[in-house]
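Below are the chains, spelled out letter by letter.
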Amino acid sequence: MEDAQENPAESSSSVPWSEESAGSAKVPEVSLSEESEGCTRPLEETPPKLCGYLSKFGGKGPIRSWKSRWFFFDERKCHLYYSRTAQDANPLDSIDLSSAVFDCKADAEEGTFEIKTPNRIITLKAATKQVMLYWLQQLQMKRWEFHNSLPAPPAAPDAALAGNGPALRLELEQEEEEQEAFLCPVKTPTELVGVAAAWQPVHAKPSALQNISLKHLGTEIQNTMCNIRGNKQTQGAGHRPPGEDSALSEETQREEQPSPPGPGAPGKDPANSPKPRPKSSLTTSLIQKARSQSNTFPLFSEGLMRNRTAQEKALALEQQVLMLTKELKAQKELVKILHKALEAAQQEKRVSSAYLAAAQDKDRLELVRHKVRQIAELGRRVEALERERESLVQTASLREQEIRELQQHVQLLLDKNQAKQQVICKLSEKVTQDFMKAPEEADRDFLSQQEKMEHLKDDMEAYRTQNRFLNSEIHQVTKIWRKVAEKEKALLMKCAYLQAQNCRVESKYLTGLRRLQEALGVEASECSELLKQLIQEALQWEASEASADSIVLSPSTVSEYDEYGFLTVPNYEVEDLRLLAKIQALEVHSHHLLAHEAVERPLRERWATLGELAPSAELKQLLREGVPHEHRPRVWRWLIRLRVRHLQAPGCYQALLSRGQACKHPAARQIELDLNRTFPNNKHFTCPTSSFPDKLRRVLLAFSWQNPTIGYCQGLNRLAAIALLVLDEEESAFWCLVAIVETIMPADYYSKTLLASQVDQRVLQDLLLEKLPRLMAHLGQRRVDLSFITFNWFLVVFADSLISNILLQVWDAFLYEGIKVVFRYALAIFKYNEEALLRLQDSLEIYQYLHFFTKTICDSRKLMHIAFNDMNPFPMKQLRQLRAAHRERLEAELNELEQLKAEYLETRAAQGPSVPEGCPSEDEGEAEP
């Protein structure tokens, strides 16, 4: 069957018809095209207008009902407008489809579907299921076209926007192909959808009063007045013939009436039902066949009795044969016994005759003794036979008991067999009765089952259609969500890029101001003062410097302090360093923004799913990547407890504090001097009202009593301060300091001679020569000694060198793996800045750069990758061997130095306190007035 497809010319206005058609009763020109059946779309030059009548469920209280509304789609805004009739000038309301999802339920009324927006749920009903599916598919495509028509943000600010027309058409074609994979496109119902549907009668139109929208009463009045004026203006003009509407409605009714069931529809036409005659003949033949089988069946009455008698006779004969066999066996045993008795009598007769024939008493006595022995032997044999008889009697009783049990079992089997035979007889009779039933009853059962199957097929088809549509809806919404996420990610990357660009512009601005100030000199004092003021304003840091637009683009602005209290931009006295610090802070923030979605969020999810901590390869990798801020205190406490559980004792820290209050430690004065020099760029140690300096003082004093061999060494204040900032507890920070000094670092690392620290500096030189030979050759030619810079790195584990987020990531791995991590990061820092160092040719410039170059490292991921991947292989065995060799050489050098000192002191002591000639002595100076 061919359906007519309307193709009106669309205008750019939001209403679905032109003013001419709204003001008069002219029907828009419609070009009809043929539409093929199946799952293919017709090729149209211009897509049809998406509009038509639908029933909308709305109202309040008792007046909630279905109301007929004219719906039309606006492609520019992706809104679905609706009005009471197609001729209304103003729409009642609209539905935003850009963020809406669609749903249809198989168990709801036919043609009902829902549009769900973030604010409300709109329930609509189409005239048929086909119209519903057409609307749902078209709305899906319109939503997808709207989202693909939005311009994507450029990858870089300077990149020009290319035309997206071909790409959009390609995406729409791909979307149509994917839609066909879920649900075949529905043919357009031309009479119910499109501009021509405005002239069609409304299906199931309610009463006029019920159809009026009380919520939009003002719009209803305006539309009514417009319609009245339009009717007055067009009075006398050519109208549609009065019989046209009725003819169309009759034609529509004829099309909507169900067609008479075809000859193949079961249960619809009694004339087409199966004939009873073949059914009855089939039943008769089956009954005759069953009867012929029952005549020869051995378990039916007569045959059953005959077979049972023959079996009884056979059993009786078998029992008689067994009895006769037993009797024969008993007779044979009796004959054997009589033979033995006869032999014994003959033997006795022979012995008696020999006794009588003996001539002397001696021979007779011998015969008597022989007889006695035979009697005793016979008595023993009789006793043995008696015992054997008793055992045989017991065996016989057991056999009789078994026989009785077997007889009972046989009887049970016979009863069971008989019951089965009775069941078989009853089932055979029931089968015969079923075959003899009337064929009409069987036909009724068959038709009812067939009707149920048809209903089940309809339900199954409805659920299958619903499933396909919902799958397509989920697929499209997921694609839209991914596209929005990609756009959001692109905007975040653009925001980070713009922030870095802003920093570069600010740096150029400050450089220009300084050059202008130098060019003016001291002649123009007013201009010089103005330039100084501009420079100060450019260097001034304010957390709210971002404008409202940048706050919208950026999820978080750069704050003045980080989460641990460190200044994001340190307040250096030198203007160039302050500017460099400001640039670095923006770069760190941009790296954080770019890595947030790809790295930090998955890392936080992995830490959140991690349960009880235990040493493993997975935990080692997670610690190298860094612990999130919210999990770091818990992880550090576990790592410290793992290191010092053999040293911890209940109340140990409080006892050390009490000891410090009782008497003053010799290192207390040096601790007080270092407290004010601990992290001057951290608000927790610079604020006068902060409690951190007091906590740090107590921790350092407790450690000086805990380890008298070290007492206090410069650098321990920064180690304890880092522990306090993370753990926020004095006792935990104290045990963290104990773990670093006494378990992680080698012995003599913080002693007076700093022997182990000097050894590690020489080991680092060897590792740099192995891993970075080009850089070491360049520094060797300029006679640069790196130990001036790196000695402090190892002593305080980079506490003064790296920015806070990279520093704490280093400490996460350091507390678990040990000092090997410090070597890895020291090598990685030089590798990170290798090219910049190679470009410097003057030793003074190199030293100046080495004093602040660690603060320029912003990419923590890159530094971590260099430390744990590019520096491999890094075996601990090699580190121990290098340490042992350098320790031996250093101890020899120190011994030689001590010998030189001793020789010098002996020489000075031998010379005595002599005064050169011509020099006044101290005594002479005191005698003068």
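Residues numbered from 1 in each chain as written. Predicted model: local features only at pLDDT ≥ 70, side-chain atom pairs only at ≥ 80, totals over all residues. Heavy atoms only, no water.

## Concerning the packing of aromatic side chains
Put simply, the test is: Stacked, tilted and edge-to-face are the three classes assigned to paired rings of Phe, Tyr and Trp, where Trp is represented by its six-membered ring and a pair needs centres within 6.5 Å; plane angles under 30 degrees give stacked, over 60 edge-to-face, the rest tilted. Relative accessibility thresholds used throughout: buried, under 20% of the residue-type maximum; exposed, over 50%; partly exposed, between the two (1.4 Å probe, protein chains only). Helix and strand assignments come from DSSP, with helices taken as H or I runs of at least 4 residues and strands as E runs of at least 2, each series counted from the N terminus.
Inspection of the entire model under this criterion finds 19 aromatic pairs. Aromatic side chains Trp793 and Phe798 sit 5.6 Å apart centroid to centroid with 40° between the ring planes, which places their arrangement in the tilted category. Per residue, the accessibility class of Trp793 equals that of Phe798, and both read buried. With a centroid separation of 4.9 Å and an interplanar angle of 70°, the aromatic rings of Phe794 and Phe823 are classed as edge-to-face. Taken as a pair, Phe794 in helix 24 (residues 787-796) and Phe823 in helix 26 (residues 820-832) lie far apart in primary sequence, 29 residues in all.

## Brief notes about the pairing of strand 5 (residues 79-83)
Filter applied, for reference: Between any two strands, pairing holds if DSSP finds at least two bridges.
By the criterion of burial, strand 5 is predominantly enclosed, with five of the five residues buried. Every second residue of strand 5 is oriented toward a common face, with His79, Tyr81 and Ser83 on one face and Leu80 and Tyr82 on the other, all of them buried. As paired strands, strand 4 (residues 65-74) and strand 5 are joined by five bridges and run antiparallel to one another. Bridging across to strand 5, Phe73 finds its partner in Leu80. Hairpin connection of strand 4 to strand 5: four residues between the antiparallel strands, including Cys78 at a positive phi of 55°. Looking at chain direction, strand 5 and strand 6 (residues 93-96) are connected through four bridges and run antiparallel. Note that in strand 6 the partner of His79 across the bridge is Asp96.

## As for the nonpolar core
Heads up, the rule is: Nine residue types can take part in a nonpolar core, namely buried Ala, Val, Leu, Ile, Met, Phe, Trp, Tyr and Cys, and a core is a set of them joined through side-chain atoms within 4.5 Å. Between two residues, a contact is recorded if the distance between any of their heavy atoms is within 4.5 Å.
With 118 residues, the main nonpolar core has Leu716, Phe798 and Phe830 as its most contacted residues. Apart from residues lying up to four places away in sequence, Leu716 is in contact with Leu700, Phe703, Ile710, Leu737, Val741 and Tyr750. Core analysis: the next-biggest nonpolar cluster, separate from the first, contains 30 residues, Leu54, Trp135, Phe146 and Phe469 among them.

## A short note on the pattern of salt bridges
Selection criterion: We count a salt bridge whenever a side-chain nitrogen from Lys or Arg sits within 4 Å of a carboxyl oxygen from Asp or Glu.
In this structure the tally under the stated criterion is 27 salt bridges. With its nearest N and O atoms 3.9 Å apart, the salt bridge here joins Arg606 to Glu625. Linking Arg606 in helix 13 (residues 575-609) with Glu625 in helix 14 (residues 617-625), this pair joins segments that are 19 residues apart in sequence. A residue is classified by how much of its surface remains accessible, and Glu625, at 18% relative accessible area, is buried. Across the pair Glu817 and Arg624 runs a salt bridge whose closest N-O atoms are separated by 2.9 Å. Of this pair, Glu817 sits in helix 25 (residues 804-817) while Arg624 sits in helix 14; the two residues are 193 residues apart in sequence, bridging distant segments of the chain. Classification of Arg624 as buried rests on a relative accessible area of 12%.

## Topic: the packing of helix 15 (residues 632-644) against helix 21 (residues 730-744)
Formally: Here the axes come from fitting lines to C-alpha atoms, over the contacting stretch only for helices, and the angles between their N-to-C directions go from 0 to 180 degrees. For classification purposes, angles smaller than 35 degrees are called roughly parallel, those larger than 145 roughly antiparallel, those between 65 and 115 roughly perpendicular, and all remaining angles oblique. Crossings are classed by handedness, with left-handed meaning an anticlockwise turn of the near helix from the far one by less than a right angle and right-handed meaning a clockwise turn. Under the convention adopted here, Pro, Cys and the residues Ala, Val, Leu, Ile, Met, Phe, Trp and Tyr are nonpolar, Asp, Glu, Lys and Arg are charged, and Gly plus all remaining residues are polar.
Viewed as axis vectors pointing N to C, helix 15 and helix 21 meet at an angle of 50°, and their least axial separation amounts to 9 Å. The orientation of helix 15 relative to helix 21 falls into the category oblique. The way helix 15 lies across helix 21 gives a crossing that is left-handed. Between helix 15, through Arg637, Ile640, Arg643 and Val644, and helix 21, the contact on the second element is made entirely by Ser732, Trp735, Cys736, Val738, Ala739, Thr743 and Ile744. Within the contact of helix 15 with helix 21, the residues separate by chemical class into seven nonpolar, two polar and two charged.

## Digging into the pairing of strand 4
Of all ten residues that make up strand 4, nine are buried, and the element is covered over most of its length. Taken together, the eight bridges between strand 3 (residues 51-58) and strand 4 define a ladder with antiparallel strand orientation. Directly across from Tyr53, in strand 4, lies its bridge partner Trp70.

## Re the side chain of Ser55
As for its position among the elements, Ser55 is in strand 3. Ignoring sequence-local partners within four residues, the contact set of Ser55 consists of Trp66, Lys67, Ser68, Thr123, Leu124 and Lys125.

## Some remarks on a negative patch on the surface
Spelled out, the test is: Each patch is built from salt-bridge-free residues with over 30% relative accessible area, joining like charges within 9 Å and nonpolar side chains (Val, Leu, Ile, Met, Phe, Trp, Tyr) within 5 Å. All accessibility values rest on the Shrake-Rupley procedure with a 1.4 Å probe; residue burial counts only the protein chains present in the view. His is not counted, nor are the chain ends, whereas Lys and Arg count as positive and Asp and Glu as negative. Charge placement uses NZ in Lys and CZ in Arg. For Asp and Glu, CG and CD serve respectively.
A cluster of acidic residues, Glu451, Glu454, Asp458 and Asp459, forms a negative patch on the protein surface. Looking at the element boundaries, Asp458 is found in helix 10 (residues 439-520). Asp458 sits in the partly exposed class, given a relative accessible area of 49%.

## A word on a positive patch on the surface
Together, Lys332, Lys336, Lys340 and Arg381 make up a positively charged patch on the protein surface. It is helix 8 (residues 301-357) that contributes the most residues to the positive patch, three residues altogether. Inspection of the secondary structure puts Lys340 in helix 8.

## Topic: the environment of Lys862
Summarising the element assignment, Lys862 is placed in helix 29 (residues 860-870). Once the C-alpha coordinates of Lys862 and Ala828 are considered, the two residues, 34 residues apart in sequence, prove to be 9.4 Å apart.

## Focus: unusual backbone geometry
The omega torsion of the bond from Asn872 to Pro873 falls at 0°, within 30 degrees of zero and hence cis. Its location among the elements puts Pro873 in the loop between helix 29 and helix 30 (876-911). For Asp748, which is not glycine, the phi dihedral falls at a positive 65°. Along the polypeptide, Asp748 turns up in the loop between helix 21 and helix 22 (755-771). Phi angles above zero are rare outside glycine, and Arg783 is one such case at about 55°. Position of Arg783 among the secondary structure elements: in the loop between helix 23 (773-781) and helix 24.

## Description of the side chain of Asn707
Selection criterion: N or O atoms within 3.5 Å of each other form a polar contact, as long as, within protein, one can give a hydrogen and the other can take it, and as long as residues adjacent in sequence are counted only when both atoms are side-chain atoms.
Residue position: Asn707 is located in the loop between helix 19 (692-706) and helix 20 (716-727). There is a polar contact of 2.5 Å between the side chain of Asn707 and the side chain of Thr709. Among the polar contacts made by the side chain of Asn707, one reaches the side chain of Glu742 at a distance of 3.2 Å.

## Remarks on the packing of helix 22 against helix 26
One can describe the packing of helix 22 onto helix 26 by two numbers: an axis separation of 11 Å at closest approach and a directional angle of 50°. The angle between helix 22 and helix 26 falls in the class oblique. Pair helix 22 / helix 26 crosses with right-handed handedness. Across the interface between the two elements, Asp760, Val763, Leu764, Leu767, Leu768 and Lys771 of helix 22 pack against Phe823, Ala826, Leu827 and Phe830 of helix 26. Residues that form the contact of helix 22 with helix 26 fall into these classes: eight nonpolar, no polar and two charged.

## Description of the sheet that holds strand 5
With respect to topology, seven strands assemble into an open sheet ordered 6-5-4-3-9-8-7, the strand pairing being antiparallel. If you trace the sheet from one side to the other, it starts and ends with strand 6 and strand 7 (101-104), each paired once. Taking each pair of neighbouring strands and ignoring which way they run, the sheet shows an average axis angle of 35°. Sheet topology note: the strand 7/strand 8 (residues 112-116) ladder contains four bridges and is antiparallel. The residue of strand 8 that forms the bridge with Cys104 is Phe113. Helix 2 (residues 129-149) rests against strand 3, strand 4, strand 5, strand 7 and strand 8 of the sheet, and its axis sits at about 165° to strand 7.

## Description of the confidence of the model for the protein chain
Selection criterion: Each residue carries a pLDDT score, the predictor's confidence in it, ranging from 0 to 100.
Averaged over all residues, the pLDDT of the protein chain equals 76, while 68% of them reach at least 70. Averaged pLDDT values for the elements of the protein chain fall to 36 in helix 12 (residues 548-553) and rise to 95 in helix 26. With pLDDT under 50 throughout, residues 289-305 is counted as low confidence; its partners more than four residues away or in other chains account for twelve contacts.

## Focus: helix 30
Under the convention used in this document: By definition here, a helix of n residues has an expected span of 1.5 Å times n minus one.
When the terminal C-alpha atoms of helix 30 are compared, their 52 Å separation across 36 residues agrees well with the 52 Å that a helix rising 1.5 Å per residue should span. Tucked into the core, helix 30 has its buried residues touching helix 22 and helix 26.

## Description of a nonpolar patch on the surface
On the surface, a cluster of nonpolar side chains totalling about 460 Å² of accessible area is made up of Tyr355, Leu356, Leu365, Val368 and Val372. Of all elements in the fold, only helix 8 and helix 9 (361-435) reach the threshold of two or more residues within the nonpolar patch. Tallying contributions element by element places helix 9 first for the nonpolar patch, with three residues. Within the fold, Leu365 resides in helix 9. On the basis of relative accessibility, which here comes to 43%, the residue Leu365 falls in the partly exposed class.

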